[in-house]
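Survey of secondary and tertiary structure
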Amino acid sequence: MTWSPDSWRRCQALQQPEYPDPAQLDRVLAELRQLPPLVTSWEVVRLREQLAEAAAGRRFVLQAGDCAERFAYCSSDRITNTLKVLLQMSLVLVVGAQRPVVRIGRFAGQYAKPRSADAETRNGLTLPSFRGDNVNRTEFTAAARTPDPELLLRGYERAALTLNFVRALVKGGFADLHHPEYFDLDWVQHSPLADEYHHMVETIGDSLRFMEHVLGVRAGETDLIDFFTAHEALHLASEEAQTRTVPRRDGWFNLTAHFPWVGLRTNDPQGAHIEYLRGIENPVGLKVGSGVTRERVAQWIERLDPRRSPGRLTLIHRFGAARIADELPKLIEHVRAAGGRVLWVCDPMHGNTLTTAAGVKTRRFADIQSEVEQAFDIHRGLGQQLGGVHIELTGEDVTECLGGARGQNEEDLARAYESEVDPRLNYEQSLELAFLIARKMKADGH
Ligand code: PEP
Ligand code: CO
């Protein structure tokens, strides 16, 4: 079957909203096609090169952000806080990895969510599930939950506003790499590792200078402070509308994000999402969970990376702390059998979701830490390297995950739980995780 931006329409497309008025959707898509792109092909190509370097062990990837970005997060404070936590985590990781860190935000377009159930029932009333701000609204009324195509335009505009501010902050020196004194480190005193953490902060400057030396650039120059964008390429009609050719380059680019990924629920090698991703030039991510067969892995690699070109395909594994030891070695073996040359990234969030006795969706910090540390060990034990991590977090002071230095417990979850979907690490927990990952990398001599 020949690929085209709409060839996915010939395959089964899971998780797509059902719009009551298809003509209205078509009008919106026509408008989207006319709007300018959010990212450029040369940025996309640069990320692909950087991911190839990460696959070769010369960079480390931090991909992080909200589970579901909300339109309301398009504000000065929110965007600044997100950039701050990502930047600070990346500086801590530089200390551990002793190599440049590629920062990819789950932002500027992470507005569509897959759901396990199409519908939700409350007090006898059944309505469509909330599928992200790009699709419908959270209030539990029929009007709010009916998919509204106009939201795709609102989402595109919000993504553009977000990215505009990100680019301005980065360019304006927000990301000045020499200021670990701007870290909020109150929480550190609650950790038994406080001294070690303070020491790491002190060495950030040294690590950055080392990196500058290695790269031959000065901190503060734009190459060092790039932020790339990523979202789940879920809503295929809107992804198709912004899939373009550009002058003087071959192929088709998705110009809404540098790094689109396909989620676990839509990763069938024969399905529409893989069909869409296989034809674009962007580097692409694939979420992988437990129980995949050798045939399936071979099909993914054949479809998404037939030329086995480093940087093209990132496998983001998300097994859970209890299963990774059984599952990851098998996945690695299947990839090797297929001759795959992939970048390995660990998502320690999505296999570790649990529901408390009170019915609250949460994750334990200890499970998240454990899964990442096991991932480092397993890859190393098999003679390769973990190339990055994929984290759900926010720069805000939410209480959605258990544990961390302050020992957040089940009662605390009620204080500031705001996620409509998955529980995220807060600012302090995110930074703490970065310290622990850096510590692990250092101990392993990465
Ligand atoms: C996500 O990244 O928010 C998500 C839904 O992950 P997965 O597809 O791995 O379940
Ligand atoms: Co999620």
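Our structure's up above, just so we're on the same page.
Our subject in this report is the structure included herewith.

Concerning the coordination of the cobalt ion (ligand 2)
Protein coordination at the cobalt ion (ligand 2) comes from Cys67 (SG), His350 (NE2), Glu392 (OE) and Asp422 (OD), with a distance range of 2.1 to 2.3 Å. Written as a sequence motif, the donor residues of the cobalt ion (ligand 2) are C-x282-H-x41-E-x29-D. With His350 in the loop between strand S11 (343-346) and strand S12 (353-355) and Glu392 in strand S14 (residues 388-392), the pair connects residues that are 42 residues apart, well separated along the chain. Exposure class is identical for His350 and Glu392. Each is buried.

A look at the pairing of strand S2 (residues 101-106)
The buried fraction of S2 amounts to six of the six residues, a majority that puts the element mostly inside the structure. Burial along S2 is two-sided: the face carrying Val101, Arg103 and Gly105 and the face carrying Val102, Ile104 and Arg106 are both buried. Examined bridge by bridge, strand S1 (residues 60-65) and S2 share six bridges and lie parallel to one another. In the sheet register, Leu62 faces S2, and the bridge partner there is Arg103. Between S1 and its parallel partner S2, the chain crosses via helix H3 (residues 76-97), and the hand of that crossover is right-handed. Strand direction decides the pairing type here: S2 and strand S5 (residues 228-232), joined by two bridges, are parallel. Directly across from Ile104, in S5, lies its bridge partner Phe228.

Topic: unusual backbone geometry
Backbone geometry places Gln98, a non-glycine residue, at a positive phi of 50°. With respect to the helices, strands and loops of the structure, Gln98 is situated in the loop between H3 and S2. Residue classification places Gln98 among the partly exposed residues on the basis of a relative accessible area of 33%. Even without glycine at this site, Arg308 takes up a positive phi of about 55°. On the secondary structure map, Arg308 appears in the loop between helix H9 (294-304) and strand S10 (313-317). Residue class for Arg308 comes out buried when judged on its relative accessible area of 19%.

Examining empty space enclosed by the protein
Counted under the stated rule, the structure contains six cavities of 30 Å³ or more. Empty space within the largest cavity amounts to approximately 170 Å³. Elements that contribute at least two residues to the lining of the largest cavity include exactly helix H5 (150-171), S5 and helix H7 (236-241). When residues in the lining of the largest cavity are grouped by element, the largest group, four residues, is from H5.

Things to note about the pattern of salt bridges
Tallied over the entire structure, the rule returns 32 salt bridges. A single salt-bridge network, built from bridges that share partners, covers Asp66, Arg78, Glu400, Glu418 and Arg424.

Notes on the packing of helix H1 (residues 22-34) against H5
Helix-helix packing: each pair is described by the crossing angle between the helix axes and the interaxial distance. Interhelical geometry of H1 versus H5 gives an angle of 25° and a closest axis separation of 8 Å. In terms of their interaxial angle, H1 and H5 are classed as roughly parallel. Packed against H1, whose contacting residues are Gln24, Leu25, Val28, Leu29, Glu31 and Leu32, the element H5 presents Glu150, Leu152, Leu153 and Tyr156 at the interface. Across the contact of H1 with H5, the residue classes tally to seven nonpolar, one polar and two charged.

Side note on the layout of surface pockets
Estimated volume of the largest pocket: approximately 520 Å³. Together, 27 residues line the largest pocket, and Pro114, Arg115, Lys361, Val421 and Asp422 are the ones closest to its centre. Of all the secondary structure elements, the ones that give two or more residues to the lining of the largest pocket are strand S3 (119-122) and strand S13 (361-363).

Quick word on the site of ligand 1
All residues in the neighbourhood of ligand 1 are listed as Cys67, Arg106, Lys113, Pro114, Trp261, Gly263, Leu264, Arg265, Lys287, Arg318, His350 and Glu392. Arg265 is positioned such that a nitrogen or oxygen atom in its side chain is 3.2 Å from an oxygen atom of ligand 1. The contact in question runs from an oxygen atom of ligand 1 to an N or O atom on the side chain of His350, over 3.0 Å. Bound to the protein, ligand 1 loses 97% of the 300 Å² it would expose on its own.

Description of the pairing of strand S8 (residues 259-262)
Where burial is concerned, the two faces of S8 agree: the one with Phe259 and Trp261 and the one with Pro260 and Val262 are both buried. In terms of strand pairing, S5 meets S8 through three bridges, oriented parallel. When the sheet's bridge partners are listed, His231 is paired in S8 with Pro260. Two strands pair when backbone bridges link them, and S8 and strand S9 (residues 284-288) are joined in this way by two bridges, in the parallel orientation. The residue bridging Trp261 from the neighbouring strand is Gly285, located in S9. Viewed along the sheet, the connection from S8 through helix H8 (residues 272-278) into S9 turns out right-handed.

A short note on the nonpolar core
Of all hydrophobic cores here, the largest spans 108 residues; its most connected members are Leu62, Leu286, Leu331, Trp344, Ile391, Leu425 and Phe435. In terms of residue count, the dominant contributor to this core is H3 (twelve residues). The residues contacting Leu62, other than those within four sequence positions of it, are Leu86, Met89, Ser90, Leu93, Val101, Val102, Arg103, Ile104, Val389 and Ile391. Within the second largest apolar cluster, 13 residues are counted, among which are Leu47, Trp261, Ile316 and Val345.

So, the sheet that holds S1
Strands sit in the order S1-S2-S5-S8-S9-S10-S11-S14 around a closed barrel of eight strands; the barrel is parallel. Mean inter-strand twist for the sheet, computed between neighbouring axes without regard to direction, equals 25°. Docked against the sheet, helix H11 (residues 365-381) engages S1, S10, S11 and S14, running at close to 155° with respect to S11.

Quick notes on the rules
Residues numbered from 1 in each chain as written. Chains lettered and ligands numbered in written order. Predicted model: local features only at pLDDT ≥ 70, side-chain atom pairs only at ≥ 80, totals over all residues. Heavy atoms only, no water. Donors = N, O, S within 2.8 Å, 3.2 Å for Na, K, Ca; no water. Helix = DSSP H or I, 4+ residues; strand = E, 2+ residues; numbered from the N terminus. Buried < 20%, exposed > 50% of the residue type's maximum accessible area, 1.4 Å probe, protein only. Pairing = 2+ DSSP bridges. Right-handed = clockwise from strand over helix to strand, strands pointing away. 1 Å grid on protein atoms, 1.4 Å probe; cavity = no way out; pocket = protein on both sides within 12 Å on 5 of 7 lines; lining within 4 Å. Points joined across faces, edges and corners; volume = space filled by probe spheres on them. Salt bridge = Lys/Arg side-chain N within 4 Å of Asp/Glu carboxyl O. Axes fitted to C-alpha atoms, helices over the stretch in contact; angles between N-to-C directions. Parallel < 35°, antiparallel > 145°, perpendicular 65-115°, else oblique. Contact = heavy atoms within 4.5 Å. Nonpolar A, V, L, I, M, F, W, Y, C, P; charged D, E, K, R; others polar. Near = heavy atom within 4 Å. Polar contact = N/O pair within 3.5 Å; in protein donor to acceptor, adjacent residues only side chain to side chain. Areas by Shrake-Rupley, 256 points an atom, 1.4 Å probe, with all protein chains shown as cover. Core = buried A, V, L, I, M, F, W, Y, C linked by side-chain atoms within 4.5 Å.

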